[in-house]
Amino acid sequence: MARFTLPRDLYHGKGSLEALKSLKGTRAMVCVGGGSMKKFGFLDKVITYLHEAGMETELFEGIKPDPSVDTVMRGAAAMEKFQPDWIIAIGGGSPIDAAKAMWIKYEHPEITFAQMCVVFGIPELRKKARFCAIPSTSGTATEVTAFSVITDYKKGIKYPLADFEITPDVAIVDPELAQTMPKKLTAHTGMDAMTHAIEAFVSTANCDFTDPLAIGAIKMIQSDLVASYNGDMSKRASMHNAQCLAGMAFSNALLGIVHSMAHKTGAIFEDYGAHIIHGAANAMYLPKVIAFNAKDATAKARYGIIADVMGLGGANADEKVASLITYLRGMNDALNIPRCIKQYGADSTPCEQGFVPEDVFLARLPKIAKNAVDDACTGSNPRQPSLEEMEKLLKCCYYDTEVDF
Ligand SMILES: NC(=O)c1ccc[n+]([C@@H]2O[C@H](COP(=O)([O-])OP(=O)(O)OC[C@H]3O[C@@H](n4cnc5c(N)ncnc54)[C@H](O)[C@@H]3O)[C@@H](O)[C@H]2O)c1
Ligand SMILES: [Zn+2]
């Protein structure tokens, strides 16, 4: 038996933020990030609409990118005090993910962070509050997913929390919120979405319900991401929907080792000034993982289907996989994303020698590889890597060398 879960309601299209007016409740806790939503006036609109719905509101502001366990605990304490019956999270993946984890702690004050991390082990929610998510980036699709990614900075590790309990009740996918994204954010979040769709399509948990969503997203992202990056706002609106479709696919089909590696490299070089942004990490690792996974016959055939859908050509499955890898590397170049960790430089742009020195990478490699193998996303990858293979794969992602094993 498999399960397919999505939010009960999804409002979409320009102006759909107004759907907040129709929520029924008494107290809404609004969780938001560093200031972009305030600066561009969206936060004011959210508060106004919630007041129109007859709700009292309280703000939990300042949730930083890649939210920490500490932030989650602080937010849960604020909820405990205010006793909301709605949690409204607005912004990028970070504030929405943080609010999801706060929600768990608010509903179950006794739960520890370690207990939250038990995959599909989150206790029943919705005894105190329901959850509405409003994304302002076009990538994570956390507004429709069963995931939340929280960073334990003491360990330098990102932990994906996973359970359909944290799939939001309401998602509002209003393209106006994504229009203010700077170029770099558009590029990174867009390639995050592409990775979600491709990993979901080849995941061992793919099914008839997730495949059309993944394929639809891939086609839209191929058609729209680079133009959106270059400022075409109608394509930007289309990308907002595309990333959501990709999220519907991966929330139910799960992901693979591109995400395992991104989770475990994201925060581990912080002390060298290299925070490897989630979407950029995925974009760099995806072509390498495709080459690795394609040694599995089923995965190879599925990558071939993706290449066909994208119209990339190739006379046989091997050629199709090669075309797909070349195409994705071309997209990264068009989006000014580095090709490998070694080239990951200031402002996440490519350079000869980036933030992460070779000796530091090699010294930390065994630990990163072990953590990546143990990541929650590894189980549904089509080819299970040994520890040794994971180390080799990570080296290819550092040096941009060919994956031939
Ligand atoms: N829950 C999931 O299913 C899932 C999936 C993939 C990734 N993630 C996680 O999500 C996080 C990344 O989220 P993200 O990529 O959406 O970015 P983010 O939320 O970390 O935001 C990045 C920056 O963009 C700014 N920003 C957001 N929206 C903006 C807008 N419209 N205009 C201008 N600036 C804006 C924010 O203020 C912030 O400074 C990572 O922690 C990642 O691990 C979660
Ligand atoms: Zn992702």
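Residues numbered from 1 in each chain as written. Chains lettered and ligands numbered in written order. Predicted model: local features only at pLDDT ≥ 70, side-chain atom pairs only at ≥ 80, totals over all residues.

S.K.: Outline the overall build of the protein, listing residues and values.
M.R.: Across its full length, the protein carries 14 helices and eight strands. For 405 residues, the compact-globule formula gives about 22 Å, and the C-alpha radius of gyration of the protein, at 20 Å, lands near that figure. For the protein, the spread of C-alpha atoms along the principal axes amounts to about 60 × 45 × 40 Å. Buried residues in the protein amount to 54% of all 405 residues. The long-range fraction of contacts in the protein, counting pairs at least 24 apart against all pairs at least 6 apart in sequence, stands at 75%. (Helix = DSSP H or I, 4+ residues; strand = E, 2+ residues; numbered from the N terminus. Rg over C-alpha atoms; globule rule 2.2 N^0.38 Å. Buried ≥ 20, exposed ≤ 12 C-beta atoms within 10 Å, placed from the backbone. Contact = placed C-beta atoms within 7 Å.)

S.K.: A description of the site of ligand 1 should follow, citing residues and the corresponding values.
M.R.: Taken together, 29 residues are adjacent to ligand 1, and Pro65, Gly92, Gly93, Ser94 and Thr137 come closest. Breaking the shell around ligand 1 down by element, the ones donating at least two residues are helix H4 (93–107), strand E6 (147–152), helix H6 (183–202) and helix H10 (278–293). Broken down by class, the residue content of the shell around ligand 1 amounts to seven nonpolar, 18 polar and four charged. In terms of domain composition, the shell around ligand 1 takes at least three residues from each of domain 1 (9–178) and domain 2 (181–399). (Near = placed C-beta within 6 Å. Nonpolar A, V, L, I, M, F, W, Y, C, P; charged D, E, K, R; others polar. Domains from an automatic or database assignment.)

S.K.: I'd like a rundown of the pairing of strand E7 (residues 157–162), residues and numbers included.
M.R.: On a regular strand, each side chain points to the face opposite its neighbour's, so the side chains alternate between the two faces of the sheet. Summarising the sheet, E6 and E7 pair through six bridges and their orientation is antiparallel. Note that in E7 the partner of aspartate 152 across the bridge is isoleucine 157. The hairpin turn running from E6 into E7, its antiparallel successor, is four residues long, and glycine 156 in that turn takes a positive phi close to 70 degrees. (Pairing = 2+ DSSP bridges.)

S.K.: Break down the packing of H6 against H10 for me, with residues and values.
M.R.: Two elements in contact, H6 and H10, have axes whose closest approach is 7 Å; the angle formed by their N-to-C orientations is 30 degrees. The angle between H6 and H10 falls in the class roughly parallel. At the point where H6 passes H10, the crossing takes the left-handed sense. Only His278, Gly279, Ala280, Asn282, Ala283, Leu286 and Asn293 of H10 make contact with H6, whose side of the interface consists of His188, Thr189, Met191, Asp192, Thr195, Ile198 and Val202. In terms of residue class, the contact of H6 with H10 is built from six nonpolar, seven polar and one charged. (Axes fitted to C-alpha atoms, helices over the stretch in contact; angles between N-to-C directions. Parallel < 35°, antiparallel > 145°, perpendicular 65-115°, else oblique. Left-handed = near helix turned anticlockwise from the far one by under 90°.)

S.K.: Which residues make up the sheet that holds strand E3 (residues 56–60), and what values go with them?
M.R.: Ordered in space as E1-E8-E5-E4-E2-E3, the six strands form an open sheet in which the pairing is parallel. In this open sheet, the two edge strands, each paired with only one partner strand, are strand E1 (9–12) and E3. Strand-to-strand twist of the sheet, defined as the mean angle between neighbouring strand axes without regard to direction, takes the value 15 degrees. Taken together, the five bridges between strand E2 (residues 27–32) and E3 define a ladder with parallel strand orientation. Looking across to E3, one finds that arginine 27 is bridged to glutamate 56. Sitting on the sheet, helix H3 (residues 69–82) touches E2 and E3, and the angle it makes with E2 is about 165 degrees.

S.K.: Just give me the short version of the environment of aspartate 308, but keep the residues and values in it.
M.R.: Within the fold, aspartate 308 resides in helix H11 (residues 297–309). Overall, the presence of 14 C-beta atoms within 10 Å leaves aspartate 308 in the partly exposed class. Residues aspartate 308 and lysine 320 lie 12 residues apart in sequence; the distance between their C-alpha atoms is 7.6 Å.

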